[in-house]
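Chain by chain, the residues:
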Amino acid sequence: MSTIGVISLGCAKNQVDTERMLGLLTEAGHALTSDPAEADVLIVNTCGFIESAKQESIDAILEMAQYKQGGRCQRLVVTGCLSERYREELKEAMPEIDLLLGVREYETLPRLLGGTADAPHCGPRSTRVLTTPRYSAYLRITDGCDNRCAYCAIPLIRGNLVSEPLEELVDEAKRLADGGVRELTLIAQDTSGYGKDRYGRPMLLDLLHQLERIDGIHWLRVLYTYPDTVSPELIDQFCASEKIVPYLDMPLQHTEDEMLRAMRRRGDQAHIRRILDYVAEHAPDFMLRTTLMVGFPGETDELFERMLAFIQKHPFDRIGAFTFSPEEGTTAASMPNQVPEEVRQERLARLMETQRGISKMRNERRVGQTVEVLVEGANDGYTYGRSYAEAPDVDGKVILANVANLPVGSFVTARLTRAEEYDMIGELVPPTSR
């Protein structure tokens, strides 16, 4: 059997694919290494969502290919979204690649690398080797997407939405909890679409209610809900739960109706305002995250300024942002009124500068609160972690000064004492005073 090194790129959804792939390989008897120089086989699980991600994937392939030149590596395998979409182009342009697999061919790896039979379907029943910290994991509840946003290549790569069976997801969550996972983050291209294809109606809440019953799971977190599916009732149910954290990610992409229509996004600004106003009035501690795109074709200076004004009047706690990337095969790639790259970058910088001030203001509202903190590590005399208000990988930290020796993966109570732009500073609350 071989010693295998894997490089995983792109989003958390792709990371779950990598973890299932690692599970298949270890069950087949292969050993894993984090050092490319020690690997007989190197696998690059690629991303192909936008141009910058494609370039990162190509750079990683070329970097790993160097280990075949006089090193231990005998085979270079490329998997994932880039190889799914550009298989023939990669074959022609990069002869260093020995094996190309698409996004639903991982189960063939044990046979192709070790002579065993193909593994069962690589899904929720698969063994996973976590690449996240042992106390936190992602649960991918669907693959593909039924939305046809004008800019997005995901349906071209991964196809229509396919929901995993509810009982298999619950079983997977139980196995993760048995392995020490305390925080479970639900992800998909559109989590609020879960169940429509398989059960004839959205089943996200049904799934969450079953996950709540699992011993060991302390926090359930939901990312990537489509905005027009978010309602006051959903907010209320999250707030009433002991395990579902009062945090929701609903990517808007834009705030102005003209741009939403051009992007082929459902919903409108009026609905977005209703949700933000409801949270402000009825659930002020609820955390809302969104994603915004700048430079979509037809975005004028006025429309961009209106978006800036909207997020100042109706602030989000967290915003991620990116520039429009014209992806081959998408409607938006050939739209008129393309925005020059330098304008896109200038708008992105202005948006993030605006959000920095908003984020600091929103964090200052939290000073004085007492919160649970999931301990993640320590450094130079302080301990850091996250509260319900910080999602893994994308948000800031809660920093506890002059605190050491707290077990990683444990939950402690802290009082928030100071706000930074993205992080919160706090102090440990002794158990006797809680």
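Please refer to the structure higher up on the page.
The notes below deal with the structure included here.

Thresholds, definitions, all that
- Residues numbered from 1 in each chain as written.
- Predicted model: local features only at pLDDT ≥ 70, side-chain atom pairs only at ≥ 80, totals over all residues.
- Heavy atoms only, no water.
- Helix = DSSP H or I, 4+ residues; strand = E, 2+ residues; numbered from the N terminus.
- Rg over C-alpha atoms; globule rule 2.2 N^0.38 Å.
- Buried < 20%, exposed > 50% of the residue type's maximum accessible area, 1.4 Å probe, protein only.
- Areas by Shrake-Rupley, 256 points an atom, 1.4 Å probe, with all protein chains shown as cover.
- Lys, Arg positive; Asp, Glu negative; His and termini not counted.
- Charge placed at Lys NZ, Arg CZ, Asp CG, Glu CD.
- Phe/Tyr/Trp six-rings, centres within 6.5 Å; stacked < 30°, edge-to-face > 60°.
- Pairing = 2+ DSSP bridges.
- Right-handed = clockwise from strand over helix to strand, strands pointing away.
- Salt bridge = Lys/Arg side-chain N within 4 Å of Asp/Glu carboxyl O.
- Polar contact = N/O pair within 3.5 Å; in protein donor to acceptor, adjacent residues only side chain to side chain.
- Expected span 1.5 Å × (residues − 1).
- Arc of directions from axis to C-beta.
- Axes fitted to C-alpha atoms, helices over the stretch in contact; angles between N-to-C directions.
- Contact = heavy atoms within 4.5 Å.
- 1 Å grid on protein atoms, 1.4 Å probe; cavity = no way out; pocket = protein on both sides within 12 Å on 5 of 7 lines; lining within 4 Å.
- Points joined across faces, edges and corners; volume = space filled by probe spheres on them.
- Nonpolar A, V, L, I, M, F, W, Y, C, P; charged D, E, K, R; others polar.

**Let's talk about the overall build of the protein**
Item 1. What the protein contains, in helices and strands, is 14 helices and 18 strands.
Item 2. For the protein, the C-alpha radius of gyration of 22 Å lies close to 22 Å, the compact-globule estimate for 434 residues.
Item 3. In terms of principal-axis extent, the alpha carbons of the protein reach across some 60 × 60 × 45 Å.
Item 4. By the burial criterion, 57% of the 434 residues in the protein qualify as buried.
Item 5. Here the protein has roughly 18,300 Å² of accessible surface; of this, 49% comes from carbon and sulfur atoms.
Item 6. Seen as two clouds, the 49 positive and the 67 negative side-chain charges of the protein have centres 3 Å apart.

**Some thoughts on the packing of aromatic side chains**
Item 1. One pass over the structure, following the stated rule, counts five aromatic pairs.
Item 2. With a centroid separation of 6.4 Å and 85° between ring planes, the pair formed by tyrosine 151 and phenylalanine 296 is classed as edge-to-face. Remark: phenylalanine 296 occurs in the loop between strand 12 (287-294) and helix 13 (301-313) and tyrosine 151 occurs in the loop between strand 7 (142-143) and helix 6 (154-158); sequence separation between them is 145 residues.
Item 3. The class for phenylalanine 296 is buried, based on a relative accessible area of 0%.
Item 4. Taking 6.5 Å as the distance between ring centres and 55° as the angle between the ring planes, the aromatic pair formed by tyrosine 382 and tyrosine 384 counts as tilted.
Item 5. The partly exposed category is assigned to tyrosine 384, whose relative accessible area is 27%.

**Quick notes on the pairing of strand 12**
Item 1. Buried residues dominate strand 12, accounting for eight of its eight residues.
Item 2. Side chains Met287, Arg289, Thr291 and Met293 project from strand 12 onto one buried face, and the interleaved Leu288, Thr290, Leu292 and Val294 project onto a second face that is buried too.
Item 3. Strand direction decides the pairing type here: strand 11 (residues 244-249) and strand 12, joined by three bridges, are parallel. Residue pairing across strands places tyrosine 247 opposite methionine 287, the latter belonging to strand 12.
Item 4. One ladder, built from six bridges, connects strand 12 with strand 13 (residues 318-323); its direction is parallel. Within the sheet, the bridge partner assigned to arginine 289 lies in strand 13 and is arginine 318.
Item 5. Taken together, strand 12, helix 13 and strand 13 form a β-α-β motif whose crossover is right-handed.

**Some points on the pattern of salt bridges**
Item 1. According to the stated counting rule, one finds 37 salt bridges in the structure shown.
Item 2. In this structure, aspartate 228 and arginine 266 form a salt bridge, with 2.9 Å as the shortest nitrogen-oxygen distance. Pair noted here: aspartate 228 is in the loop between strand 10 (219-222) and helix 10 (232-240) and arginine 266 is in the loop between helix 11 (257-263) and helix 12 (269-282), with a separation of 38 residues, a long-range link.
Item 3. Among the residues examined, arginine 266 registers a relative accessible area of 35% and is labelled partly exposed.
Item 4. Of the charged contacts in the structure, one is a salt bridge between glutamate 299 and arginine 347, with a shortest N-O distance of 2.8 Å. Taken together, the residues span a long stretch of sequence, with glutamate 299 in the loop between strand 12 and helix 13 and arginine 347 in helix 14 (residues 341-364) at a distance of 48 residues. Judged on exposure class, the residue glutamate 299 and its partner arginine 347 are both buried.
Item 5. Residues joined by salt bridges that share partners form a network here, namely Asp17, Arg104, Arg140, Asp143 and Arg158.

**Quick look at the side chain of serine 163**
Item 1. Residue position: serine 163 is located in strand 8 (residues 162-163).
Item 2. Relative accessible area serves as the criterion here: at 0%, serine 163 is assigned to the buried category.
Item 3. Within polar-contact distance, the side chain of serine 163 engages the backbone nitrogen of glycine 195 at 2.8 Å.
Item 4. Only 2.5 Å separates the side chain of serine 163 from the side chain of aspartate 197, close enough to count as a polar contact.

**Some words on helix 13**
Item 1. Helix length check: helix 13, at 13 residues, gives a terminal C-alpha distance of 18 Å against a target of 18 Å (1.5 Å per residue), a fit within 8%.
Item 2. Of the residues making up helix 13, those classed as buried are Leu303, Phe304, Met307, Leu308, Phe310 and Ile311. One side of helix 13 holds all its buried residues, which, seen down the axis, span an arc of 160°. What points out from helix 13, more than 90 degrees from its buried face, is the exposed set Asp301, Glu302, Gln312 and Lys313.

**Quick look at the sheet that holds strand 6 (residues 136-140)**
Item 1. Overall, parallel pairing links the six strands, which are arranged 6-9-10-11-12-13 in an open sheet. Both edges of this open sheet fall to strand 6 and strand 13, since each of them pairs with a single strand only. Within the sheet, the average angular offset between the axes of one strand and its neighbour, ignoring direction, is 20°.
Item 2. Along the sheet, helix 10 makes contact with strand 10 and strand 11, crossing strand 11 at roughly 145°.

**Overview of the layout of surface pockets**
Item 1. Quantified by volume, the largest pocket comes out at close to 1,200 Å³.
Item 2. Together, 49 residues line the largest pocket, and Cys11, Lys13, Phe49, Gln189 and Tyr224 are the ones closest to its centre.
Item 3. When contributions to the lining of the largest pocket are tallied by element, the ones reaching two or more residues are helix 1 (12-27), helix 2 (51-65), strand 6, strand 7, helix 6, strand 12 and strand 13.
Item 4. Its residues placed into classes, the lining of the largest pocket shows 25 nonpolar, 14 polar and 10 charged.

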